[in-house]
Amino acid sequence: RRKIEMCNPSVEPKAGSEDANRTTLEKFSDVVDASMSSFFGNLGESLAVRPCTYIGFAFLIVVGMGSGFAGFTSESRSEKLWIPQGTEAQDAQGVYNSNFEKPFRFDYIIGTPSSGGNMLDKANLQKFMTLHDSVEAASVEIEGETWNLNNLCFPLPGDGHPCFISSVLQFWDYDAATLAADTDVQATLKDTSKGSVEDLESFLSGFTVDGSSGDYSATGAKATYFLENRAEVIKGAFVDLPAETWEEKFLEIGETCVDGLSCYRFAERSFSDEFGGAIGGDIVLMNIGFLIIIMYLYLNLGKVGDRIGSRFALSMMSVLAIGLAIAASMGVSQLCGWPYTPVHSVLPFVLLGLGVDDSFVIMNSFVQTDPSADLKVRMKEAMSHAGVSITVTSLTDFVAFIISTSTSLPALASFCFYAATGILFLFLFQCIIFGAYVVIDARRQKARRMDCCCCFTVAENEAHDKARAEFEANPGRVSKFMKNSFGPWVVNKNVGILVTIASMGLLGAGVYGATQLKVESNQLDFVPDSSYIKSTFEMNDELFGGDGTPVSLVLEDFDYFAKQTELAGIAAALNGKAHLADTSNSVNFDSWYDQYVAYVGATPACYGACIGTDNLDNEGQFYTNLHKFLNTAGAKYNSSVVFNPDNYQDIKTSKISMKYSSEINDEASLQVEAMTQLRDEVAKLDVPAYAYTFEFLNWETFIIIEKEMIQNVTLCMAAVFVITLVLIAHPLTSFLVFFCVGCAIIEILGAMYYWGLVIDNVSVINLTLAVGLAVDYSAHVGHCFMLKDGNSRSERVISALADIGSAVLNGAISTFLAVVVLSGSQSYVFRVLFKQFFLTCLFGVMNGMVFLPVLLNWFGPRAYANASKGGHGGHGAEMVKVDNMDV
């Protein structure tokens, strides 16, 4: 008989009295639904009796969880947030950091003639020197100590300055008087004792040599200042207060520039400044979003303008419950050892959207009860229905996020834990705070007390009282629309066919778009559009072809004297490999060994400082003169060669500085290829070595982030199916809910591609959130359908939409309104958040409220045994006649 019912659309499987004909699975569904309804019904009765006790209990929970703030920890270091644990890059970083000093901080200024012309004209060089003098004169005082370039810089005597600086001004020893007295700057530039042509090409843009006169010309010049890295980890962030404070002055100098030059500046602190500025500037937008939500709640929860029927205080209580849930989740997460990270700034938007949805579901159920019934009866009916519905969505979201904490990306794992606990507290507080205040609000209205000013009563007014009674007795405009217009339309047979075709078309487009998504990460995306960093980087790319990523070839412990032939052949072995810049150019391949060979090969050898004459053939002389080199002419390489402290002839490790070609900049696939190929090439060398750059940590993420996205979404979807199967307790309805959520996620992925979004750290987090939000739209409808009895599936679909449709739609609209103000954000994080939340609301509602009703109308199973006909209380909607129904 069951098979016939499912195949014949004219027959509606009956619920209720035909208990003997119900399958074992249906009986299990009935037990689950009855048990949960009974629990929440009892909770509703208890709330009606002791609302203040429950609110007080909630505050005690928040105070208890708030103890976690005593040891509040945060983390903002990228290698601790976005780097997969246990990777080859992390292992290499540990070895590298144990042997070598911290990398430099570097700041630079690019100068170009404002009116064009040759940057190497004496007048332009003098202007550039004036800029340098301003940098050198800049000083700051911190705790009574004065800091300037000379005590902040990485010391490297030579080139006319005690600091490590890369600039054309080295040809005049960074001295304005020397440059002013120079009568032939071209001759000075050609003096190879001051610097080579390769040096000039490294800090001059558009460098050319006139074919007839041999004079040099350039379109711009870059001065790079290398500072010692004194950064310490303070509260999860690298802090170098002297350097950061001085860099603020440095950036001001670059912004002011000098007459006749156009300047572009960058400092180590620039990115953190601009990121923080973008996020800080969006706090106003966030507050506007919260105000919009409050107003939307106010407009939809009660009768606007009526001193009694208004529910502004109830709206504020919903927002308070959400705020307390956020606070409690942060407290318990801190107690569990999960740090707070910058990405957690989007958490309020997530919980706000989910919390408001729960508020609408609870209030929607309450207003559908009989207004004349006792408050205990009303709350029992309302919570028995709403409690089960929000349990399905909340528990699904909770499990999905908890599962996602298994990710190998620490920031995502931390975020998911905060979100999971936030959803748990949100569910609890919506039930016992918002639910309790529904009781208090109902008592207030019955006592004719004013909203927000409950100390004042309102005199009776027959016209106003009648209008208020009609407002409370009648379903809202959305519910009427769902019952009288949308519901009959969506169950129409022809409409169902069109909806299915359109849905399959959207799904197909989504599948195609999802397969085209690429992994990308451009640091400039995180910079506000108006930031000076963008113009600086654009000019740097235009003038210097962009800076290739530096990478170190780290040579390990072996007999360096015996392996000189191998050391000399490394540049040739790596040339043209792994996207490296030309290794025959010392600017791109800076080897201490090659420079040492040039040092001992000078005339006279070692510039007269060599010990002995067999410098490279005698082991003792090799190491003795190497030490001399590293402390004199080769001082810049001193930190690149690490000796065994017990044996000055035993090199423990050393490094050679290389550069990648700028062609791989911002190209994730090329960066991954460059990293893996270089590792392969290094493994072929005849000396033990490994390649390392800090960027490898980020590039390792590119390898696994797509896999992480697929894994997290898959696990979340599995959680959706399992939890809905247990709580909705019918495999067919659970599958249909699961299918519609899956369609929404695939369509979101496809739309991401069409909208120009990529797979990166931000979008992966938002996609995990999208699963949680999309579940709500479908699960509420699926569960409500199971609660509705009727003569046909069509009646049940219409009844479910009339009952829950308003709450679901309001939840989606409120979520959208919470983030719509972020569409104009200067922050990449919030712009992507807006786009993905918009897509989630759009496709979540389309699949949950359009496609799912069509599927339920065709294939939906019979209702629970205790299902109601037309509504869940005595205040339900009467069914309307629908022509051309499918069933």
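Residues numbered from 1 in each chain as written. Predicted model: local features only at pLDDT ≥ 70, side-chain atom pairs only at ≥ 80, totals over all residues. Heavy atoms only, no water.

### A word on the overall build of the chain
Test applied: Helix and strand assignments follow DSSP, with helices taken as H or I runs no shorter than four residues and strands as E runs no shorter than two, numbered in order from the N terminus. For each residue, the accessible area found with a 1.4 Å probe, counting protein chains only, is set against the maximum for its type, and the residue is called buried under 20%, exposed over 50%, and partly exposed in between. Whether two residues touch is decided by their heavy atoms; if any such pair falls within 4.5 Å, the residues are in contact. Each accessible area is a Shrake-Rupley result for a 1.4 Å probe, and residues are judged covered by the shown protein chains and nothing else. Counted charges follow a simple rule, with Lys and Arg positive, Asp and Glu negative, and His plus the chain ends left uncounted. Charge placement uses NZ in Lys and CZ in Arg. For Asp and Glu, CG and CD serve respectively.
Counting its secondary structure elements, the chain contains 31 helices and 18 strands. Its C-alpha atoms give the chain principal-axis dimensions of about 110 × 60 × 55 Å. Classification of the 887 residues of the chain by burial places 55% in the buried group. The contacts of the chain with a sequence gap of at least 6 include a subset with a gap of at least 24, amounting to 78%. Of the roughly 35,400 Å² of accessible surface on the chain, a fraction of 57% belongs to carbon and sulfur atoms. Counting 58 positive and 97 negative side-chain charges, the chain places the averaged centre of each group 16 Å from the other.

### Quick notes on empty space enclosed by the protein
A probe matching the size of a water molecule, rolled over the atoms, marks out where space remains unfilled. This is how it is decided: Only protein atoms enter the 1 Å grid used here. Points where a 1.4 Å probe fits but cannot escape make up a cavity, open sets with protein on both sides within 12 Å along at least five of seven lines make up a pocket, and a residue lines them when an atom lies within 4 Å of a point. Grid points are joined across faces, edges and corners, and a volume is the space filled by probe spheres set on the points. Side-chain classes are defined by residue name, with Ala, Val, Leu, Ile, Met, Phe, Trp, Tyr, Cys and Pro counting as nonpolar, Asp, Glu, Lys and Arg as charged, and the others, Gly among them, as polar.
Applying the stated rule across the entire model yields four cavities of 30 Å³ or more. By volume, the largest cavity amounts to about 60 Å³. Contributing to the lining of the largest cavity are Val343, Val346, Val762, Ile765, Asn766 and Val829. The greatest single-element share of the lining of the largest cavity, amounting to three residues, is contributed by helix H29 (residues 761-786). When grouped by side-chain class, the residues that make up the lining of the largest cavity number five nonpolar, one polar and no charged.

### Observations regarding unusual backbone geometry
Phi at arginine 448 takes a positive value of approximately 60 degrees, unusual for a residue other than glycine. Within the fold, arginine 448 resides in the loop between helix H17 (410-446) and helix H18 (462-473). Phi is positive for histidine 579, which is not a glycine, with a value near 60 degrees.

### Focus on the pairing of strand E11 (residues 261-266)
Cut-off, in case you're wondering: Criterion used throughout: strands pair if DSSP finds at least two bridges between them.
Counting buried residues in E11 gives five out of six residues, a clear majority hidden from the surface. Taken together, the six bridges between strand E1 (residues 105-113) and E11 define a ladder with antiparallel strand orientation. Bridged to glycine 111 within E11 is cysteine 263.

### Comments concerning the state of the cysteines
As a reminder, the rule being used: Working definition: a disulfide is two cysteine sulfur atoms within 2.5 Å of each other.
In total, this model carries three disulfides according to the counting rule given. Here cysteine 153 engages in a disulfide with cysteine 163; their sulfurs sit 1.9 Å apart. Where cysteine 153 bonds to cysteine 163 through sulfur, the torsion about that S-S bond is close to -70 degrees, and the disulfide is left-handed. Taken as a pair, cysteine 153 in the loop between helix H7 (149-152) and strand E4 (165-166) and cysteine 163 in the loop between H7 and E4 lie far apart in primary sequence, 10 residues in all. For cysteine 163, a relative accessible area of 4% translates into the label buried. In this model cysteine 257 forms its disulfide with cysteine 263; the gap between the sulfur atoms is 1.9 Å. Looking along the S-S bond of the cysteine 257-cysteine 263 disulfide, the torsion reads about 55 degrees, which is the right-handed sense. Disulfide connectivity for the chain, with bonded cysteines indexed by sequence position, reads 1-2, 3-4, 5-6. Not part of a disulfide, cysteine 453 finds its nearest cysteine sulfur in cysteine 452, a span of 6.2 Å. Judged by relative accessible area, which is 36%, cysteine 453 ranks as partly exposed.

### Topic: helix H13 (residues 283-301)
The condition that has to hold: By definition here, a helix of n residues has an expected span of 1.5 Å times n minus one.
An ideal rise of 1.5 Å per residue puts 27 Å on 19 residues; H13 measures up with 27 Å between its terminal C-alpha atoms. Elements in contact with the buried residues of H13: helix H14 (312-335), helix H15 (347-367), H17, helix H30 (793-820) and helix H31 (828-859).

### Topic: a negative patch on the surface
Put simply, the rule is: For patch building, the residue pool is restricted to those with more than 30% relative accessible area and no salt bridge; the joining distance is 9 Å between like charges and 5 Å between nonpolar side chains (Val, Leu, Ile, Met, Phe, Trp, Tyr). Each salt bridge in this description consists of a side-chain nitrogen of Lys or Arg and a carboxyl oxygen of Asp or Glu lying within 4 Å of one another.
Among the surface-exposed residues, Glu520, Glu538, Asp541, Asp666 and Glu667 lie close enough to one another that they form a single negatively charged patch. Within the fold, glutamate 538 resides in helix H21 (residues 532-544).

### Looking at H29
Spelled out, the test is: Bend at a given residue is defined as the angle between two axes, one fitted to the seven residues that end at that position and one fitted to the seven that begin there. In protein, a polar contact requires one atom able to donate a hydrogen and another able to accept it; more generally it is a pair of N or O atoms within 3.5 Å, and residues adjacent in sequence count only if both atoms are side-chain atoms.
Taking 1.5 Å per residue as the helical rise, H29 with its 26 residues ought to reach 38 Å, and the 39 Å between its terminal C-alpha atoms agrees with that figure. Remark: the principal bend of H29, roughly 25 degrees, maps to aspartate 776. Summarising burial for H29: 26 of the 26 residues are buried, a large majority. By the N-cap criterion, in which a side-chain oxygen at the helix start approaches the backbone nitrogen of a residue two or three places on, H29 is capped by aspartate 760, the distance to valine 762 being 3.2 Å.

### A word on the packing of H17 against H29
Put simply, the test is: Angles here are taken between N-to-C directions and fall from 0 to 180 degrees, while the axes themselves are lines fitted to C-alpha atoms, restricted in helices to the stretch in contact. To sort the angles, those under 35 degrees are grouped as roughly parallel, those over 145 as roughly antiparallel, those from 65 to 115 as roughly perpendicular, and the leftovers as oblique. In this scheme the handedness of a crossing depends on how the near helix is turned from the far one: anticlockwise by less than a right angle means left-handed, clockwise means right-handed.
Their axes nearest at 10 Å, the elements H17 and H29 cross at an angle of 30 degrees. Relative to H29, the element H17 lies roughly parallel. Seen from above, H17 lies across H29 with right-handed handedness. Each of Leu412, Phe415 and Cys416 in H17 lies in contact with H29, whose residues at this interface are Val764, Ile765, Thr768 and Leu769. By residue class, the composition of the contact of H17 with H29 is six nonpolar, one polar and no charged.

### A word on the packing of aromatic side chains
For the record, the criterion: Two rings from Phe, Tyr or Trp (for Trp, the six-membered ring) form a pair when their centres are within 6.5 Å of each other. A pair whose planes differ by under 30 degrees is stacked, one over 60 is edge-to-face, and the rest are tilted. Consider the ring centre and the ring normal. A charge sits over the ring if Lys NZ or Arg CZ is within 6 Å of that centre and within 35 degrees of that normal.
Enumeration over the complete set of coordinates arrives at 50 aromatic pairs. On the basis of an interplanar angle of 90 degrees and a centroid distance of 6.0 Å, the ring pair of tryptophan 592 and tyrosine 593 is categorised as edge-to-face. For tryptophan 592, a relative accessible area of 0% corresponds to the buried category. Taking the relative accessible area as the measure of exposure, tyrosine 593 reaches 5% and is therefore buried. Among the aromatic residues, ring-to-ring pairing joins Phe561, Tyr596, Tyr599, Phe622, Tyr623, Phe629 and Tyr637 into one connected group. The ring of phenylalanine 100 is capped by lysine 655, whose NZ or CZ atom sits 5.0 Å from the centre of that ring.

### Section: the confidence of the model for the chain
Counted only if it meets this: Confidence scores per residue from the predictor, reported as pLDDT, run from 0 to 100.
When pLDDT is averaged along the chain, the result is 85, and 92% of the positions lie at 70 or above. Here residues 1-18 is a poorly scored stretch, pLDDT under 50, and it has 38 contacts once near neighbours within four places are set aside; other chains count. For residues 870-887, every residue scores under 50 in pLDDT, and the model assigns this stretch 57 contacts once sequence neighbours within four places are set aside.

### Points about the nonpolar core
How we decide: Take the buried residues of types Ala, Val, Leu, Ile, Met, Phe, Trp, Tyr and Cys, join any two whose side-chain atoms come within 4.5 Å, and each joined set is a nonpolar core.
In terms of nonpolar packing, the biggest core is built from 208 residues, with Phe429, Leu553, Leu555, Leu626, Leu678 and Ile745 touching the most fellow members. Sort the elements by how many residues they give to this core and H17 lands first, with 21 residues. The residues contacting leucine 553, other than those within four sequence positions of it, are Ile570, Leu574, Ser654, Lys655, Ile656, Met658, Val682, Leu685, Ala689 and Tyr690. Counting 57 residues, the second largest nonpolar core, distinct from the first, contains Leu169, Leu189, Phe207 and Tyr216.

### Regarding the environment of glycine 44
Looking at where glycine 44 falls in the secondary structure, it is placed in helix H2 (residues 24-49). Separated by 819 residues in sequence, glycine 44 and alanine 863 have C-alpha atoms that sit 24 Å apart.

### What about a nonpolar patch on the surface?
A grouping of Leu506, Leu842 and Met846 is seen on the molecular surface, where their side chains present a nonpolar patch of about 200 Å² in accessible area. Position of methionine 846 among the secondary structure elements: in helix H31.

### Looking at the pairing of strand E12 (residues 550-555)
Two faces, one strand: in a regular strand the side chains alternate between the faces of the sheet. Most of E12 sits out of view: five of its six residues are buried. Sheet topology places E12 next to strand E15 (residues 647-659); six bridges connect them, and they run antiparallel. By the bridge assignment, proline 550 is partnered in E15 with lysine 659. In this sheet, strand E16 (residues 689-692) lies alongside E12 in antiparallel orientation, the contact comprising four bridges. Within E16, the position partnered with leucine 553 by the bridge is alanine 691.

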